Structure formats: C-alpha cells, structure tokens
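# Structural overview for review
Here is how the chains run, residue by residue.
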Amino acid sequence: MRKKQRSLQIFLHVILIGLVLFSIFPFLYMLATAMTEDSYTMPYPPVIIPKSFYFGNFVSAWTSSNFARFFMNSLFVSTVSTMLTIIVSVMSAYGFAKINFTGKNILFNLYIFSMMIPAVLSLVSQYTVLNAVHLIDTYTGLILLYVSGGIAGNMYFLKGFIEDIPAEYEESVYIDGGSRWTVLRHVILPMCKSSIATLAILSFMGSWDEFFSALTIIKTESKRTLPIAIKMFQGQNATQWGLVFAASLIALVPILLIFITFQKAFVKENEGGGIKG
Amino acid sequence: MAHTKQRRENMTALMFIGVGLFLFTVFIFYPQVKNVYMAFTNYNIMPGSENRFVGFENFKSMFATGGTFGNSDSFMLALRNSVLAVLVTVPGQLILGLVIAIMIDRVSHGRLFYKVMLYIPVISSWVVVSILFKYLFQDTKGSLINYYLLKLNLISHPVAWLQNTWTASAVIWALCIWKGVGWVIIIYNAAIQTLPKELYEVSYLEGANPIQRFFYITLPLLKKTTIYVVVQLTIGAFGIMIQVMLITAGGPMGTTETLNSYMYSKAFTEFQFGYSSAVSLVMGAVVIGTTLLQRKLMREEK
Amino acid sequence: MKKQQLMFTSLFIATILAGCGSKSTQTPQQSSDQKVTITMWQTFSDVETKVFDQKVIPAFEKANPNIKVKATRMPSGDEYNQQIIQAVSGNSAPDLARVEVTAVPKYAKLGAFYQIDKQKDFEQFSKQLVKGPLSTNLYEGHYYGIPLDTNTRVAIYNKALLAKAGLKTPPTDFKSLIDKAKGIVDDETFVFGPAGSSSWGLMPYFYSLGGTFANKKSTKATGYLDSKASIQAMKTLVEWNKKGYMGKSLTGGLGTWEGLNGGNYLMIDDGPWYAQANKKTANQVTYALFPKGKAGSLEVIGGENTVIFNSSKHKEAAYKFAKYLASDKAQTIFAKELEMLPVNRTTSKKPVVQDNELMALYSKQLDTAVSRIPSAKWEQIDKTISLAFENCLVKGGDPAATLKDAAMKVDTYLAE
C-alpha cells in the first residue's frame, strides 16, 4: 500500500513538473529577451537560456518615465478596488444566497445575463455617466468601474459557496440572539475564507492588468496605471522588446507575492494529501 | 402578516445587495440599455448629433448583405470562429484544469509551488503574451516552436502557423487554454477545499476505487463550481479579442476574426456604432442561449 | 446591523462626493491678456517626447508668454483611436492632437476637427509647407490640420545577400534586381520582405509597377484600380510570389527587420526608424531609393498632422501652436535632434537635412512619394484592397476579376 502511494506520488510529480515547464516555457523566452541588450527585434534564432546576465532593461524600465510612480498608482487602485469588491461581493452574494426577497430570480438572471453581453461598447456610456458626476480623471471613478464590473461574476462565484453552508449554523446564531450581520461575520466569512481569498486574488489581478478603462478615465499623465506604462514602451514604429518584457516581468511580482501570501494564509493545506478523489 | 414579513425580508435584502445593485444599475445595466437603443439607430458619436431610428436595418445588414466584400460574410465568419473557440477552449480548459487541480490536491509536497507556477500565465498581461505567442509561432525554422518540432523530428518542414486559417486558429486556442487553465485550477482548488471530508471517509469504508470516488462523489459535489466555471469560460471564449488583434489581426483574409474583434473594429475604426451594438446584442443572445443550454444539460445529467 | 450598513453606504457616498469636489475641467474663456493653457495629445516615442517637452515647447512658450502648453503622451495604434472617439463623444477632447495622416478625413467627416483654413492667414502660411504632407489634411476641399512630421520608406538591403547575388551596389530598378537576385532564392531566402499585405505594405510595389488605386481626385476607383496597368502590376506581384521572391512578411510571417537582419530577406522598405532602432546591424545593411518599376520609384507618404478639436475653447492659441510646430524653427529642432523629415520647405533645404546622407535619401524619396486615398472611409478601402491583394497572392484568385470587384466596392465607399 505504502509503495503504491509512493509510486503514485512520483508519477504525479513528474506530470506536474512537465506541466509547469509547459506553462513557464514562454516566460523563459521572455526573460531571455529581457536580458538582451538593444532588443528592437526578438532574438533570432530564439534563446531560452539568457546568453548574458544583462539587467539594463530592468533598470531602465524601472527608472524610465515615472514607471515607479505608475507602479505605486496601480498598487493603490488595485488594493482599494479589491477591498471594496470583496465587501460588495460578499454582501451581495449573501443577500442572494440566503435571503428570499421579491424578484430575486429576475434580478439574479439580470446579473448573469449582463455578463454575457460584450462590454466593449459599454465604456462609451460609462464615460458619459462618470463625466456627468465629475469623476473623470479621478481614481474614484476608475475604482467604481472596477468594482461595478466585478459584482455580477463575483456574486455568482461566492453565492455557490454560501448556499452550501448548512442552515443549522445560521439558525444557531439566531437562537443566540445574533442578527444576519452576525451570521455574515461569524459564520459566512470564516467558512468562505478560501473562496474569498481566491476572489481577492482574481479581482486584484483584474484591476492590475486593466488597460482600456484606465487609459480612458485617467487623463493626467502622472496618475496613470502600470499597464499604460508598459503599453507606452511599445512604439509606433519601433519597439524595444527587452524593455517591454522587463517591465511586464516587474509587473508580475506583486501579484505573485499576493497570490503566495493569500494562498498560504487562507487556503487550508491539509498536510498529508487533502481529499482522496 | 405574511405581507409585512416579506417586506421586512426585502428591506434586509436591500441592505445587503443595495450598494451592489446601485453600482450595477448605473455602470453595467444602463450602458446595456443604451446599447439596445443604439442598435436601432445609425448612432453618431458626436455630442448633440441626431441619431436616426433605422429599425432592423443594422440586424439585416449582418445577415443579408452578400458579396466578397459585404458585411454578412465577415459577420458569419466571426460568428463561426467565436463558436469554434467556445467548443475548443471551454472543454479544453475545464478538463485540464479539473484534472490538474485534483492532481495538485493529491500530491504530498509542493502544492503551493505547483499552484504558483501554473498560475503565472494567468496573471501575465494578455497584450504581452499575445505578442509573445506571435513570435513563438513564426513560420521560419528558427522560430521557437518550429525549431523544437524540427529538432524532435515531428515535422519535416517549418509550419506556417499564422498563415493558414486552421493553424492560426489553433494558435489562438492554444494561447487561450494555456493562459486560462491556471484560473480553472485555482477555482477548483478553492472548491475542493470546502468539500466535506466525511463522504470520502465513508466511501473508503465501502471500498470505492479512486475512479468511482471521482465520478460519484467529487464530480457531483463540484457541480455548482463546474457550472460557474463553464459559464465564465464560455463568456471568456466569446470575449476573445486582443489575442486575435495582436496575433493574426484577423488574417489570413479575415478568417480568424472573432465576434468581439469584429465588433471593436466596426465601432472604433469604422464608427459604425449602431451596427456594432446590433452585433453585440446578437452576440449576447448567442452567449445567453449557449449558457442556458449548458446549464440545462448539466442539471439534467444528474 | 443598521449602523454598519449605514457606514458602508455613507462611505460610498463620501467617495463619490470626494470625486465631485475635485477640480473642474472647465477653464475660463480666453481673453488676450490672460494666460491660457492649451492641451495636446501626442504619440511621440520616449526619446521624441523628451525633445518635444524640453526643447520644442519651451521655445514656443518663450515666444508666447501668454500661452502654456501641456502635452500628454498617449499610446499609439488602435487604443489611440478609441481614446479620440471617447474624448470627442464625452466632450472632453484636448485642444490639439497629433494624428496619423490617414485618420484626418474620417474625423473631419465626423465633425470633430476644426476646419483650419477658416483662419485668414492659413493660405499664406501653407505656402511654406511641403506639398505631399500638406495634402493629407485635405477633406472635401478644406484643410483640417497642419502637417507635423512626415516620412516615407526607402529600400534597405542586406549587404551579405547582395554580395551573394553578385551585386556590389543596390540596383535602381526591379528588373536588374530580380535578374541577379533570383539565384539566391530558396525556402528560407527571399528577395523582398514587404510590410504586410495591406496597402501600406504593397502600395509601393503596386504603384511602382504601374498600378493605381483611384483617380487623382480620389473620387473613382473603377477604371483605375482595375485598369490594364493595375491588372498587370498585380499579375507581376502574383508571379513574384509564385516564384518565391516575396517573403513571409507578406502574410504576417517573419517580420521585416528580423528577416533582413537574419539574412532571410534581401530587401525591405522601411522608414527612418529602422536605422535608429537597428544600430547593431548598421554596417550589415545599405540604403537606396525604392527600386524603379514601369511607373518609377513610388513610395507611400506617412507621418502625422496636428489637428485642433472643434470643442477647443482656445482655438486661436491652439492654431498658433500648430503653426509653430510646422514652422522652420520647430522643424529644425526636430530635424537636428531626432533626424525627423521636415514638413517645412525652408528646413528641407537646410544643411541639417541635406548634409545628412540618410535624411537626404529619404527626402529625395519623398519627392515622388504618393499619398493614400484621402477618404473618411480609408480604413474600409484599405481593407478592401488588402483583401484583393490577399485573394490574388495567397488564394490564387484571378487578378482582373478580383480588382474589378474591389474597384466597385471602393467606388461605393468613395461615393458615400
């Protein structure tokens, strides 16, 4: 039995390592290009292992035209919108999962269908609305868009987990004199910790990578966010790929850190091999 | 009595969903209502200009203007490509993602490592990886993919990946799957964490084998997540745009254009906002239809 | 429960109000003695932006102490287009913008741009400008912009391949080029690396070989795009492609630079940016005028114009700045610092251009360069012509029939 377990583990590791290689393979190419000097053309023939350890592109990406500042801007916008997204989404999901209000099904379907009509053209109207309330060129406006954009999908995502929480937990809170609010705080939040952590990562990533709205809403150059800065490295006629890739690799760092932190802190890792499926 | 109770429930609900509902109405729902209006006019983007009501004109030109250079051919191509993208990338991501998520759950060491590594494609920017893929799949023998395929003797001549409709589409699909699988893994992983352990313990005692456990316990318990994932993946697959714009620019001869990229160029480069809105409505109908069908199929299965 | 709920609601209202309180974008009406700030969107590169912000603008502000210029750098390409649309529709466009030459007519048609020839001195001023770039601002008989920079492409050869073909210097015409170069053609080596199958990529070949897209006034394509000469030009291109002269860049394959530098393409045609970005390979390539065909050596005019938005509240100041950008003073700075081809005739004759070998070459190519069809429907026309090219070159379609269809389609766009 133990021997069988062991060979299974080895088998799994081999496959997973293969998959890992597959998933990071293009990034090796990216890293190698980022470490190439004067890289207006992609290295040709391709390189996977950097020929030299040249970090000039990383340095000039970070120091060029306010990149560091844009980085901080993005950090701020993404952090705030992630926090607000979590609050709004958890509350909405709870409302839809556990409260029987009039028109719930209609509203739920409206939320879901709204995700399915392409949003490419919505920006035009969103801009008009934000303009009317003077929120153009403010982070408030941009954050409101980010939070709004995620409501339907996030609610849908969390609703499933909240619905699965047995009613007994909730009832015992009421017996103890608690309110729905107590339920949310003392039952739902702790029990959905890992899904909320997942949602936080995804929503942080969503605003961290977002380009179109950010460029449209934010007019002042110094207030711009990171994706715009990266896009700016792409010239009209000539692009220094080393810089673009170095900048993109820098942009990956915060999300990776957040991902690792959240996974470690919230997602239960039952040692000894979770569920035997 | 019952009436007031319901009213109280509604008030409570409003407290929880109110803020979300407000934001949703203003920033998501309103633009879509406006979208419907635009679809029936020859919408002019200039402020203060008149928008003439054109009835179903925009919808008609989508389906009934023929010829080599007409609207309907390109619309139909875009529709076909979007549907194909769904048929290929949704099952691709779903199955791979689920299998990998379970594998990660079963390894004894290095789970976080695997998750982080497989998650890197998800968090990278679409723009950058699209450009990257375009270069990986160049048609020369020196391009990364051809180079390795030639080296492994899998092909005898370099493949012109992006110059042929089907190989170019395959590259776009491969990119979608490669970048999307990590997301599916993470979602399933979160769901697997919440599965009740008791059921599995019982199944051990009853002597069920791993495959039985997967099909009779894990899969049914993950159904809600699966529906969620399928719906999201479908929406994502219909939303393919940047990939096409950057990898093939719709070529060769517009045969890899998808609905979203088609719509974008109609609106923002040709200023046909009315027509574009009409396309978006048709696309919305197709997506809604598809997901309703999926939900129905998956509910009925069990 | 209620308290916390209230807290969140008020938090949201507070954030919204906080936004409301932020500075309003409205600026007071301009008067002669008041200092005005004009805003401009520009799409210069990183290096160019530095020169623009630190040399070009300060010189203007010094001469016009009442005007302050605030330039915002924007990403180029599709996104820029979308930004302009968004700004115009939301009534929040800047005063001026730098736009691609082919984009002027469609925005002019939309009513977004200020008709610049309403200014009394425009006619007089325009006399100092180079004709080709100036003409790109024309839409239905009126000017909607002032040229800012211009460019065209010249032929760039891979020296090693040139030597392999037995050529010491680049030949001046297609015939002698192909005679020698066909010997080096194989699976991975091509004579030409065209910049795609769009009209930007193939127009130089098509036009030099005798083809045309439309009549001079750009009102008709039938009889031009499907003329005998055009069909012959297309047939020649098809033949070249069949014989393997045309590189994969034609259909979006191996890029022109990668192919030229990597020894896959003997010749590409590109703008001044090639030299700036490929310093590493500078001694491996050589430049020449685009090869001559039946009709001569005809390249395409590219570049950007300065436009003023109709919504601008400071049109006078904006006009002053737009004129300044095309003036000898500003153009000399651009030429000196960035080797940009001048749109001002005075600057063109100056040593800063004439003594620079490469700039002089580009300048010479520009003399015969043709502009693309100035039409609000240019994008659709471009797409139609691209499809026609692809249909003949890739799909093996019949040139005469394809061009006839395309010409009829282009006619409908031109008639709109």
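The rules we used
- Per chain, residue numbering runs from 1 following the sequence as it is written.
- Lettering of chains starts at A and numbering of ligands starts at 1, both following the order in which they are written.
- Selection of residues for local features in this predicted model requires a pLDDT of at least 70, selection of side-chain atom pairs for listing and counting requires 80 or more, and totals for whole chains, interfaces and linings are taken over all residues.
- Note on pairing: DSSP must find at least two bridges between two strands before they are called paired.
- Numbering goes from the N terminus for both helices and strands, where a helix is a DSSP run of H or I of at least four residues and a strand is a run of E of at least two.
- Axis geometry follows a simple rule: fit a line to the C-alpha atoms, using only the stretch in contact for helices, then measure angles between N-to-C directions, giving values from 0 to 180 degrees.
- In plain words, the nonpolar core is the set of buried Ala, Val, Leu, Ile, Met, Phe, Trp, Tyr and Cys residues that C-beta atoms within 7 Å link up.
- Working definition of burial: number of other C-beta atoms within 10 Å of the residue's own, with buried at 20 or more, exposed at 12 or fewer, and partly exposed in between, all C-beta atoms being placed from the backbone.
- By the criterion used throughout, residues are in contact when their C-beta atoms, derived from the backbone, lie within 7 Å.
- Each domain's extent was defined by an automatic or database domain assignment.
- The residue classification treats Ala, Val, Leu, Ile, Met, Phe, Trp, Tyr, Cys and Pro as nonpolar and Asp, Glu, Lys and Arg as charged. All others, Gly included, are polar.
- If you view a crossover with the strands going away from you and the path from the first strand over the helix to the second runs clockwise, you call it right-handed.

## A closer look at the sheet that holds strand β10 (residues 285-288) of chain C
All names here are of chain C. Within the open sheet, the four strands sit side by side as β8-β9-β7-β10. Their pairing is mixed. Looking at the sheet topology across the chains shown, the edges are occupied by β8 (190-193) and β10. When the angles between neighbouring strand axes are averaged without regard to direction, this sheet yields 25°. Examined bridge by bridge, strand β7 (residues 154-158) and strand β9 (residues 265-270) share four bridges and lie antiparallel to one another. Within β9, the position partnered with Y157 by the bridge is M267.

## Quick look at the nonpolar core
Of all hydrophobic cores here, the largest spans 293 residues; its most connected members are A247 of chain A together with I308 and F321 of chain C. Ranked by residue count, the leading element in this core is helix α7 (residues 165-193) of chain B, at 17 residues. When near neighbours in sequence (up to four residues on either side) are disregarded, I308 of chain C contacts D95, L96, F113, Y114, I116, K315, A318, Y319 and A322 of chain C.

## Digging into the domain arrangement of chain A
In many reports, interface size means the accessible area that the parts give up when they come together. All names here are of chain A. What the domain assignment reports for chain A is domain 1 (27-63 + 236-252) and domain 2 (66-232). The centre of domain 1, based on its C-alpha atoms, is set 34 Å off from the matching centre of domain 2. Of the residues lining the interface, seven residues belong to domain 1; the matching set on domain 2 comes to five residues. Put simply, the parts of the chain that give the side of domain 1 that touches domain 2 at least two residues each are α2 (56-63) and α12 (241-266). The biggest single contributor to the side of domain 1 that touches domain 2 is α12, with four residues. Residues that form the side of domain 1 that touches domain 2 fall into these classes: five nonpolar, two polar and no charged.

## Points about the interface of chain A and chain B
Listed by partner, the interface residues are 80 residues for chain A and 83 residues for chain B. Those elements that provide at least two residues to the side of chain A that touches chain B are α1 (2-34), α3 (67-98), α4 (104-116), α5 (122-132), α6 (139-163), α9 (193-209), α11 (226-232) and α12 of chain A. Ranked by residues supplied to the side of chain A that touches chain B, first place goes to α1 of chain A with 13 residues. Broken down by class, the residue content of the side of chain A that touches chain B amounts to 49 nonpolar, 23 polar and eight charged.

## Here's the deal with the pairing of strand β1 (residues 36-42) of chain C
All names here are of chain C. Counting buried residues in β1 gives six out of seven residues, a clear majority hidden from the surface. Where β1 meets strand β2 (residues 67-73), seven bridges bridge the pair, whose relative direction is parallel. Across the sheet, residue I38 finds its bridge partner in β2, namely V69. The β-α-β motif built from β1, the intervening helix α2 (residues 46-63) and the parallel element β2 has right-handed crossover chirality. Pairing between β1 and strand β3 (residues 96-100): two bridges, direction parallel. Bridging from a neighbouring strand, W41 pairs with A97 of β3.

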